[in-house]
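# A structural walkthrough
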Amino acid sequence: MSSKAPLHNSMRVYHRYLGFFLAGIMAVYALSGIVLIFRDTSFLKKEKQLTQQLQPGLTAEALGKAIRIRDLKITSVSGDVQMFKQGTYNAQTGSASCTVTVLPVLVEKLTHLHKASTKDPLFFLNVFFGVSLFFFVISSFWMFMPKTSIFKKGLYFTLAGIVLTVVLLMV
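### Examining the overall build of the chain
Scanning the chain for helices and strands turns up 6 helices and 5 strands. Counting from the amino terminus, helix and strand elements in the chain follow one another as α-α-β-α-β-β-β-β-α-α-α. What you see for the chain is a C-alpha radius of gyration of 25 Å, clearly larger than the 16 Å of a compact globule of 171 residues, by over 25%. For the chain, the spread of C-alpha atoms along the three principal axes comes to 90 × 35 × 25 Å. Put simply, the chain has 171 residues, and 23% of those count as buried. A separation of at least 24 residues holds for 59% of the contacts in the chain among residues at least 6 apart in sequence. When the accessible surface of the chain is totalled, it reaches about 12800 Å², and 66% of it is carbon and sulfur.

### Brief notes about a nonpolar patch on the surface
Among the surface-exposed residues, L31, I34, I37, F38, F43 and L44 lie close enough to one another that they form a single nonpolar patch of about 580 Å² accessible area. Within the element layout of this structure, I34 appears in helix α2 (residues 23-37).

### Let's talk about the sheet that holds strand β2 (residues 74-78)
Here we have 5 strands laid out as an open sheet, ordered β1-β5-β4-β3-β2, and antiparallel in their pairing. Of all strands in the sheet, those with a lone pairing partner are β1 (46-53) and β2, marking the two edges. Here the average twist between neighbouring strands, direction ignored, is 25°.

### Focus: the layout of surface pockets
In this approach the atoms are scanned with a rolling probe the size of a water molecule, which exposes any empty space left behind. If you add up the space inside the largest pocket, you get close to 1200 Å³. Taken together, 26 residues make up the lining of the largest pocket; nearest its centre are R39, K45, R68, T101 and K115. Listed by contribution, the elements that provide at least two residues to the lining of the largest pocket are α2, β1, α3 (60-67), β5 (95-102) and α4 (105-114).

### Things to note about the environment of G87
Mapping G87 onto the fold places it in strand β4 (residues 87-90). Note: C-alpha distance between G87 and L168 (81 residues apart in sequence) is 38 Å. Not counting residues within four places of it along the chain, the set of residues in contact with G87 comprises Q82, S97 and C98.

Scoring rules and cut-offs
Residues numbered from 1 in each chain as written. Predicted model: local features only at pLDDT ≥ 70, side-chain atom pairs only at ≥ 80, totals over all residues. Heavy atoms only, no water. Helix = DSSP H or I, 4+ residues; strand = E, 2+ residues; numbered from the N terminus. Rg over C-alpha atoms; globule rule 2.2 N^0.38 Å. Buried < 20%, exposed > 50% of the residue type's maximum accessible area, 1.4 Å probe, protein only. Contact = heavy atoms within 4.5 Å. Areas by Shrake-Rupley, 256 points an atom, 1.4 Å probe, with all protein chains shown as cover. Patch = residues over 30% accessible without salt bridge, like charges linked within 9 Å, V, L, I, M, F, W, Y side chains within 5 Å. Salt bridge = Lys/Arg side-chain N within 4 Å of Asp/Glu carboxyl O. Pairing = 2+ DSSP bridges. Axes fitted to C-alpha atoms, helices over the stretch in contact; angles between N-to-C directions. 1 Å grid on protein atoms, 1.4 Å probe; cavity = no way out; pocket = protein on both sides within 12 Å on 5 of 7 lines; lining within 4 Å. Points joined across faces, edges and corners; volume = space filled by probe spheres on them.

Nothing here speaks to function; it is geometry throughout.
Here it is, written out as structure tokens:
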């Protein structure tokens, strides 16, 4: 008698324990993903007054990059002071004062984890998590024997999910 477990049993075991291991990080990604959906709104954000000393004579584009405000538009100019929706910039002295909205510290850390890039040490965690999620997709097809009705129904749900995804991508 062979002591080697069939592939479907092994996949079920790997799927189960990797799922338990990643339960916490999956919750973090789920919550931070939901928060990121509302990043263009003031959901959970608080206003914060910032004053910075920048280089004098910045263009609107350079000023926006320096104070991290996208699509910054100068609305009016009074002498050396340039006004924009969120604050002011003195082109002579380089002094900038603006109001920004920020997430609470813990929520900001969670969303930073979600958005980590290759310049961030967390990107290894993101790659591992992405590969693990892909493993979950593949291993889920070994949860039930192929001849069972549950497996066949699962294939219909898989097909429906693929069709929904394609439709949403086309919109």
